[in-house]
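# Architecture at a glance
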Amino acid sequence: DPYSSDPERHPALRINSLKPFNAEPPPEILTDSYITPSAIFFKRNHLPVPQVDPDSYRLHVEGLPGGALTLSLKELKTRFPKHTVTATLQCAGNRRSEMNKVKQVKGLNWGIAAISNATWSGARLRDVLLAAGYGPDVAKRACHVQFEGLDKDVTGTTYGASIPLNKAVSEEGDVLLAYEMNGEDLPADHGYPVRVVVPGTVGARNVKWLGKIIVSAEESSSHWQQNDYKGFSPATDWDTVDFKSAPAIQELPIQSAITVPADGTAVDRSSEEVTVKGYAWSGGGREVVRVDVSLDGGKTWQVAQLRSSDKDQAPEASPPPGRAWAWKLWEITAPLPAEAQELEIVCKAVDNSYNMQPDTVAPIWNLRGVLSNAWHRVKVKIRE
Ligand code: MTE
Ligand code: MO
């Protein structure tokens, strides 16, 4: 069993697939803390978790004028300044289960919690590329930075992905070769000893167990870059789909969801009010500026309170424009409407480009069930 050396996992996780391991936390827990504890951070593995010995670990950097650069874990930690970024990771398939309700899609049936927020520390990818000889002439022939994981399938093929070179080398891009998550060594499930953290970019490009970096004229040739993680029209089916016709997902669209109360639960009339909680995030460093909440299916709206830290802590300083990598948690307490017997609670977020979520799933349905970001809706009974 290639999965026999996979690590132990937190029992609260909701398992989508055991081998490879894919799981998300219960939504109510997700918004209990601004920084998601690593143990309940969602886990998305395509392959068995590789066991990497930190002493013999080597990171290879190729495709730059300086020739190949090889770094040990110690060199990565000591030769480059340590940089810390709080960034939210979201899988392209987050909320796929809502697309499945419209029409069957292919992929893991994620709920609303294939998204989590952590503090990552490591070397800047930019600094490592500069040390390997990156300069302005390189940008004339190369456009992409490819990443290869150390996790392999039975044929020896590794997980891989790529990002645009300009994101990788930008001083404002904050791309990390992270060796710490939430102040500790990366856990095995999250890429020990080194993973790429590409803030604002879809989870799939945040390659774990990083073995090799290649600066290149081409995108990664991996299955996950070429023939997966792309969006299509609702009209496209498996007979007509041409993966070459669509760009690989990089930045993700505006997203929000309700974590409390859970769908199908009840509130007591005697409590007179209801508290609604959730998360909101947008890709590409765009900042969430507002979350609207409705208790009546979208007829009337109220504005929720946003926060960027845990309640007992001072909020983090507002991020520089274009570098809002972390989610906002939101909350609203509203009186129960007198007439209603049931609430249809809805949320929708707005980012600083005034991007908003679509109101329903059907027009954004796609065969792979990615980019699912319609208004999130939960129904709650009022108990008399
Ligand atoms: N990196 C490797 N090497 N192997 C993988 O299977 N999965 C990707 C990405 N990086 C993956 C990987 C996907 S699709 C996502 S959503 C994120 O890792 C999930 O990161 P997490 O497990 O730390 O939440
Ligand atoms: Mo993913």
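Bear in mind the structure is a predicted one, so any value in this text is a computation, not a measurement.

Criteria and cut-off values
- Residues numbered from 1 in each chain as written.
- Chains lettered and ligands numbered in written order.
- Predicted model: local features only at pLDDT ≥ 70, side-chain atom pairs only at ≥ 80, totals over all residues.
- Heavy atoms only, no water.
- Buried < 20%, exposed > 50% of the residue type's maximum accessible area, 1.4 Å probe, protein only.
- Helix = DSSP H or I, 4+ residues; strand = E, 2+ residues; numbered from the N terminus.
- Pairing = 2+ DSSP bridges.
- Axes fitted to C-alpha atoms, helices over the stretch in contact; angles between N-to-C directions.
- 1 Å grid on protein atoms, 1.4 Å probe; cavity = no way out; pocket = protein on both sides within 12 Å on 5 of 7 lines; lining within 4 Å.
- Points joined across faces, edges and corners; volume = space filled by probe spheres on them.
- Nonpolar A, V, L, I, M, F, W, Y, C, P; charged D, E, K, R; others polar.
- Domains from an automatic or database assignment.
- Core = buried A, V, L, I, M, F, W, Y, C linked by side-chain atoms within 4.5 Å.
- Contact = heavy atoms within 4.5 Å.
- Salt bridge = Lys/Arg side-chain N within 4 Å of Asp/Glu carboxyl O.
- Buried area = accessible area lost by both parts, 1.4 Å probe.
- Polar contact = N/O pair within 3.5 Å; in protein donor to acceptor, adjacent residues only side chain to side chain.

## Observations concerning the pairing of strand β17 (residues 288-294)
The two faces of a sheet get side chains in turn, since along a regular strand they alternate between them. Burial within β17 is extensive, with five of its seven residues counted as buried. The sheet contact formed by β17 and strand β21 (residues 342-351) spans six bridges and is antiparallel. Opposite Arg290, over in β21, you have Val350 as the bridge partner. With two bridges connecting them, β17 and strand β18 (residues 302-303) associate as antiparallel partners. Residue Val293 lies in a different strand from β18, and its bridge partner there is Gln302.

## Quick look at the sheet that holds strand β5 (residues 69-72)
Here we have five strands laid out as an open sheet, ordered β5-β4-β13-β8-β9, and mixed in their pairing. Two strands in the sheet have a free side with no partner beyond their single neighbour: β5 and β9 (158-164). Averaged over all adjacent pairs, the angle separating strand axes in this sheet is 15 degrees, with direction ignored. Two strands pair when backbone bridges link them, and strand β8 (residues 144-152) and strand β13 (residues 210-216) are joined in this way by six bridges, in the antiparallel orientation. By the bridge assignment for β13, Val145 is matched with Val215.

## Comments concerning empty space enclosed by the protein
Taken as a whole, this structure holds four cavities of 30 Å³ or more when the rule is applied. Estimates place the volume of the largest cavity at around 240 Å³. In terms of lining, the largest cavity is formed by 19 residues, of which the most central are Arg44, Arg195, Gly203, Asn206 and Lys208. Class assignment of the residues belonging to the lining of the largest cavity gives a composition of nine nonpolar, five polar and five charged.

## Concerning the layout of surface pockets
For the largest pocket, the calculated volume is near 490 Å³. Surrounding the largest pocket, 24 residues form its lining, Lys101, Ile112, Asp263, His376 and Arg377 being those nearest its centre. Elements with a contribution of two residues or more to the lining of the largest pocket: α1 (27-30), α3 (96-102), β14 (255-260) and β22 (376-383). Broken down by element, the residue count for the lining of the largest pocket peaks at four residues, all from β22. Three or more residues apiece are contributed to the lining of the largest pocket by two domains, here domain 1 (14-245) and domain 2 (255-383).

## Some details on the nonpolar core
In terms of nonpolar packing, the biggest core is built from 55 residues, with Leu76, Leu129, Val145, Leu177, Leu210 and Ile213 touching the most fellow members. Taken domain by domain, the makeup of this core includes at least three residues from each of domain 1 (14-245) and domain 2 (255-383). Those residues in contact with Val145, other than ones at most four positions away along the chain, are Leu125, Leu129, Ala161, Ser162, Ile163, Leu165, Ala168, Ile213, Ile214 and Val215. Val276, Val293, Ala304 and Ile332 belong to the second-largest nonpolar core, a separate cluster that totals 23 residues.

## Examining the pattern of salt bridges
As enumerated under the stated definition, the model contains 18 salt bridges in all. A salt bridge links Glu287 to Lys328, with the nearest nitrogen and oxygen atoms 2.7 Å apart. Here Glu287 is found in the loop between β16 (273-281) and β17, whereas its partner Lys328 is found in strand β20 (residues 328-335), with 41 residues between them in sequence. Considered together, Glu287 and Lys328 belong to a single accessibility category, that of buried residues. Note that Lys348 is salt-bridged to Asp292, the shortest N-O span being 2.9 Å. Within this pair, whereas Lys348 is found in strand β21, its partner Asp292 is found in strand β17, the two being separated by 56 residues in sequence. The residues Lys348 and Asp292 share a single accessibility class, namely buried. Put simply, Asp6, Arg9 and Asp189 are held in one network by salt bridges that share partners.

## Section: the domain arrangement of the protein
Segmentation of the protein into domains returns domain 1 (14-245) and domain 2 (255-383). The interface of domain 1 with domain 2 comprises 48 residues on the first partner and 40 residues on the second. Of the roughly 3800 Å² buried between domain 1 and domain 2, counting both surfaces, carbon and sulfur atoms make up 60%. Among the residues domain 1 hides against domain 2, the three largest losses belong to Tyr34, Arg95 and Met99. Together they make up 23% of the total. Applying the counting rule to domain 1 against domain 2 returns two salt bridges. The closest approach of N and O atoms between Arg323 and Asp174, which form a salt bridge, is 3.0 Å. Where domain 1 packs against domain 2, one counts 24 residue pairs in polar contact (both at pLDDT 80 or more). Counting only elements with at least two residues in the side of domain 1 that touches domain 2, the list comes to α1, β6 (82-90), α3 and β7 (115-124).

## Notes on the sheet that holds strand β19 (residues 305-307)
Within a sheet, neighbouring strands are paired by backbone hydrogen bonds and run either parallel or antiparallel to one another. Across the sheet, which stays open at both edges, the four strands sit in the order β14-β16-β20-β19 with antiparallel pairing between neighbours. Edge positions in the sheet fall to β14 and β19, since each has one partner strand and no second. Averaged over all neighbouring strand pairs, the angle between strand axes comes to 25 degrees, with direction disregarded.

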